[in-house]
Amino acid sequence: MKFPILFLTGGFIYGAIEVIAKGGDTHLSMFIVGGLCFLIIGALNKKIPLLLRMLTGAVIITALEFISGLIVNIWLGLRVWDYSHLPLNIMGQICLLFTLFWFLLSLPGIWLGGWLKWRLFGEKKPVYRKARKDIKNFYLPIDKI
């Protein structure tokens, strides 16, 4: 039951962000991307310092947006969005300036995911690490969700 709840939470929040940012509309593909992003970011290893988790989250979201843009806009030809008029866009599917936005939004996403897992599913209460001095013990594998 954990995966569907986290997926739906991420999907609805991502969709709401799209509606607010675009002034009233979104697409089902963004719901799916949001759910996937929430699951993947929530699965990042808890030993990774928070800022690096945020950066990783921003890269993951940007990559998933690019892949979904290639599928939805280019392969299926639905033309749901087009960022070609913005600077630092890649094929009109993503705008690298938005990666900063995703970096900032990763923080509440990380907090919410940890809180939901703790409160709803009895996982350990989340603890967020600052950057460590002993980088030799630092690793990037993904924990179980």
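Here's what I pulled together on the structure shown here. (Residues numbered from 1 in each chain as written. Predicted model: local features only at pLDDT ≥ 70, side-chain atom pairs only at ≥ 80, totals over all residues. Heavy atoms only, no water.)

Side chains of I74, L88, I90, M91, L96, L97, F98 and F101 sit close together on the surface and give an oily, nonpolar patch of about 720 Å² of accessible area. Broken down by element, the residue count for the nonpolar patch peaks at three residues, all from helix α4 (residues 97–121). If you trace the backbone, I74 turns up in helix α3 (residues 50–75). With relative accessibility at 46%, the residue I74 sits in the partly exposed group. (Patch = residues over 30% accessible without salt bridge, like charges linked within 9 Å, V, L, I, M, F, W, Y side chains within 5 Å. Areas by Shrake-Rupley, 256 points an atom, 1.4 Å probe, with all protein chains shown as cover. Salt bridge = Lys/Arg side-chain N within 4 Å of Asp/Glu carboxyl O. Helix = DSSP H or I, 4+ residues; strand = E, 2+ residues; numbered from the N terminus. Buried < 20%, exposed > 50% of the residue type's maximum accessible area, 1.4 Å probe, protein only.)

A word on the side chain of T99. Tracing the chain through its elements places T99 in helix α4. Side-chain polar atoms of T99 contact the side chain of T62, separated by 3.0 Å. Sequence-distant contacts of T99, that is, excluding residues within four places in its chain, are made with A58 and T62. (Polar contact = N/O pair within 3.5 Å; in protein donor to acceptor, adjacent residues only side chain to side chain. Contact = heavy atoms within 4.5 Å.)

All right, on to the nonpolar core then. Formed by 18 residues in total, the largest nonpolar core has its most connected members in Y14, V33 and I61. Listing elements by their share of this core, those giving two or more residues are α2 (28–42), α3 and α4. The residues touching V33, leaving out its near neighbours within four places in the chain, are Y14, L64, E65 and S68. (Core = buried A, V, L, I, M, F, W, Y, C linked by side-chain atoms within 4.5 Å.)

Moving on, we get to α2. Given 3.6 residues per helical turn, the α-helix brings residues three or four places apart onto the same face. An ideal rise of 1.5 Å per residue puts 21 Å on 15 residues; α2 measures up with 21 Å between its terminal C-alpha atoms. Counting buried positions over the 15 residues of α2 gives 11, a clear majority of the element. Here α2 has its buried residues at S29, M30, F31, V33, G34, G35, C37, F38, L39, I41 and G42. Along its buried surface, α2 packs onto α1 (2–22), α3 and α4. (Expected span 1.5 Å × (residues − 1).)

For the structure on display, the rule yields five aromatic pairs. Through a chain of ring-to-ring contacts, the aromatic side chains of F7, F12 and F31 assemble into a single cluster. Here R119 stacks its cationic end above the ring of W118, 4.9 Å away from the centre of that ring. (Phe/Tyr/Trp six-rings, centres within 6.5 Å; stacked < 30°, edge-to-face > 60°. Lys NZ or Arg CZ within 6 Å of the ring centre and 35° of its normal.)

To continue, consider the environment of G92. Locating G92 in the fold gives a position in the loop between β1 (89–90) and β2 (94–95). Along the backbone, G92 and W81 are 11 residues apart, and their C-alpha atoms lie at a distance of 8.1 Å. Other than its neighbours up to four places away in sequence, G92 contacts W81, D82, Y83 and S84.

Moving on: the pattern of salt bridges. Scanning the model with the defined rule gives two salt bridges in all. Here E123 and K2 are joined by a salt bridge, their closest N and O atoms 2.5 Å apart. Pair noted here: E123 is in the segment after α4 and K2 is in helix α1, with a separation of 121 residues, a long-range link. The class of K2 is buried, set by a relative accessible area of 18%. For K22, the salt bridge identified is with E18, shortest N-O distance 3.4 Å.

Right, let's talk about the packing of α1 against α2 for a bit. Packed helices, taken two at a time, are described by the angle their axes make and the gap between the axes. Orientation of α1 relative to α2, taken along the N-to-C sense of each, is 125 degrees, at an axis distance of 7 Å. By the angle between their directions, the pair α1 and α2 is classed as oblique. Between α1 and α2 the crossing geometry is right-handed. Contact residues: F3, L6, F7, L8, T9, G10, G11, F12, Y14 and E18 in α1; M30, F31, I32, V33, G34, G35, L36, F38 and L39 in α2. For the contact of α1 with α2, the residue count by class is 13 nonpolar, five polar and one charged. (Axes fitted to C-alpha atoms, helices over the stretch in contact; angles between N-to-C directions. Parallel < 35°, antiparallel > 145°, perpendicular 65-115°, else oblique. Left-handed = near helix turned anticlockwise from the far one by under 90°. Nonpolar A, V, L, I, M, F, W, Y, C, P; charged D, E, K, R; others polar.)

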